[in-house]
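Secondary and tertiary structure notes
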Amino acid sequence: MEVSRIPYLFVYGSLRFGFELNHFLRNSRFVGLGFAEGFKMYDLGNYPGVVKGDGIIHGEVYEVSDETLRILDQVEDFNGRPDDLYVREKIKVYFDYKRRYSLDNVNIYVYNQTIEGREVIEDGDYSKYAGMPVILNYFAYAENTNEEILKQRGVTKIFKKIPAIIRGYKIVFNTPCRWGYCANLKTEEKGKVCGYIYLMLESELNSLDKAEKHLIRYMRDVVKVEDENNNVYFAYTYLSPSDEGEFEPSHEYVNYILQGIKSGWKNCISSGLEKYT
């Protein structure tokens, strides 16, 4: 668990990507998709509200400035009065269902009026309830760092490409694929692996599932990564459960990875790739 010392905000409704109020967060850093426990979500008409309850709610976490938070207090009618429309509270947000990664003291706007007669949004995900697109962070560390490979695999839109590293890992080649053996991450105490955070739609990541043979060869998992300024993000990546050992990759495959890394990094060498550079 990380305790935030700068303002973070969990948004679950009209401040989420694609909705009418998301423009207030256009200059805020998207940290990742997350969820919070102990709330129920209700449909209030043109927007949702959450109150304390026995459910889980899903949303997006942003790093926000104090000024942005002050503006949103006005937007959400939070003035410190008993009859405010919303009240701003602090909660813990999780970023994976294994609950390995979380942030504490994250701001949230909780509905402060009666929910009598309002419809419950059972799964606690307003974007999916409203049929809106979902954004997420995807961390690429192997051939998907190469944008030509991404295009071949059906990815058409990336909102941001952020150089990033994951610490405590190295690259190994132990997952059978059409190039022989493809990359995987293996724990290494002092290791680091270079790659990119792609801010993209969930539908774009779904298009990668076929190429990655999701649930067959690789599994989606959430990892903690950092950008060049040590800002923390939580992102999906593909990891293989393969324990076949470590093998030599093909020259062609390694070149795809190296070309991808060089496209946005000036000097970053992943642990496990040293002898190929």
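Right, let's walk through the structure included here. (Residues numbered from 1 in each chain as written. Predicted model: local features only at pLDDT ≥ 70, side-chain atom pairs only at ≥ 80, totals over all residues. Heavy atoms only, no water.)

Some remarks on the packing of aromatic side chains
Tallying each qualifying case throughout the model produces 18 aromatic pairs. Judged by centre distance (5.8 Å) and plane angle (70°), the ring pair of Tyr138 and Tyr238 falls under edge-to-face. Of this pair, Tyr138 sits in strand β8 (residues 135–140) while Tyr238 sits in strand β12 (residues 232–239); the two residues are 100 residues apart in sequence, bridging distant segments of the chain. Each member of the pair, Tyr138 together with Tyr238, is buried. Both rings, one in Phe173 and one in Tyr276, keep their centres 6.1 Å apart while their planes meet at 90°; by these two values the pair is edge-to-face. In this pair, Phe173 sits in strand β9 (residues 160–177) while Tyr276 sits in the segment after α5 (251–262), placing the two residues 103 residues apart along the sequence. Looking at Phe173, the relative accessible area reads 3%, which means it is buried. On the accessibility criterion, Tyr276 (21% relative accessible area) is partly exposed. One aromatic cluster is present, formed by Phe173, Trp179, Tyr253, Tyr256 and Tyr276 through successive ring pairs. Of note, Arg29 hangs over the ring of Tyr233, and the distance from its end group to the ring centre comes to 4.6 Å. (Phe/Tyr/Trp six-rings, centres within 6.5 Å; stacked < 30°, edge-to-face > 60°. Helix = DSSP H or I, 4+ residues; strand = E, 2+ residues; numbered from the N terminus. Buried < 20%, exposed > 50% of the residue type's maximum accessible area, 1.4 Å probe, protein only. Lys NZ or Arg CZ within 6 Å of the ring centre and 35° of its normal.)

Some points on the state of the cysteines
Under the defined criterion, the tally for this structure stands at 2 disulfides. The residue that forms a disulfide with Cys177 is Cys182, at a sulfur-sulfur distance of 2.0 Å. On the sign convention where negative means left-handed, the S-S torsion of about 85° between Cys177 and Cys182 marks this disulfide as right-handed. Residue Cys177 shares its accessibility class with Cys182, and that shared class is buried. With a sulfur-sulfur separation of 2.0 Å, Cys194 is cross-linked through a disulfide to Cys268. Here Cys194 and Cys268 share a disulfide; its torsion about the S-S bond, -85°, makes the bridge left-handed. Separated by 74 residues along the polypeptide, Cys194 in strand β10 (residues 180–201) and Cys268 in the segment after α5 bring together distant segments of the chain. Of the residues examined, Cys268 reaches a relative accessible area of 11% and is grouped as buried. Cysteine pairing in the protein follows 1-2, 3-4, where each cysteine in a disulfide is numbered by its order in the sequence. (Disulfide = S-S within 2.5 Å.)

Considering the environment of Lys275
Within the fold, Lys275 resides in the segment after α5. A residue is classified by how much of its surface remains accessible, and Lys275, at 61% relative accessible area, is exposed. Separated by 262 residues in sequence, Lys275 and Gly13 place their C-alpha atoms 48 Å apart. Within the local environment of Lys275, its side chain forms a polar contact with the side chain of Glu248, the two groups lying 2.7 Å apart. (Polar contact = N/O pair within 3.5 Å; in protein donor to acceptor, adjacent residues only side chain to side chain.)

Observations concerning the pattern of salt bridges
The tally for this structure, following the rule as stated, stands at 23 salt bridges. In this structure, the salt-bridge partner of Lys98 is Asp221, at a minimum N-O distance of 3.8 Å. Residue Lys98 is located in the loop between β5 (86–94) and β6 (102–111), and its partner Asp221 is located in strand β11 (residues 219–227); the two are separated by 123 residues in the primary sequence. On the accessibility criterion, Lys98 (58% relative accessible area) is exposed. Residue classification places Asp221 among the buried positions, given a relative accessible area of 17%. The residue Arg153 makes a salt bridge to Glu143 at a minimum N-O spacing of 3.2 Å. Of this pair, Arg153 sits in the loop between α3 (147–152) and β9 while Glu143 sits in the loop between β8 and α3; the two residues are 10 residues apart in sequence, bridging distant segments of the chain. Relative accessible area serves as the criterion here: at 4%, Glu143 is assigned to the buried category. Taken together, the salt bridges that share partners define one network made up of Asp96, Lys98, Arg100 and Asp221. (Salt bridge = Lys/Arg side-chain N within 4 Å of Asp/Glu carboxyl O.)

A closer look at the side chain of Asp227
One can find Asp227 in strand β11. Of the side chains with opposite charge, Arg29 lies nearest to the buried Asp227, which makes no salt bridge, at 5.3 Å. At 2.8 Å, the side chain of Asp227 forms a polar contact with the backbone nitrogen of Asn229. A polar side-chain atom of Asp227 sits 2.9 Å from the main-chain amide nitrogen of Asn231. Ignoring anything within four residues of it in the chain, the contact list for Asp227 reads Ile162, Pro163, Ala164 and Tyr233. (Lys, Arg positive; Asp, Glu negative; His and termini not counted. Contact = heavy atoms within 4.5 Å.)

Concerning the nonpolar core
Counting 89 residues, the largest nonpolar core has Phe10, Phe95, Tyr138, Tyr141 and Val225 as the members making the most contacts within it. In terms of residues, this core owes the most to one element, β10, which gives 11 residues. Those residues in contact with Tyr141 that sit more than four places away from it in its chain are Ile171, Ala183, Asn184, Leu185, Val193, Cys194, Gly195, Tyr218, Thr237, Tyr238, Leu239 and Ile257. (Core = buried A, V, L, I, M, F, W, Y, C linked by side-chain atoms within 4.5 Å.)

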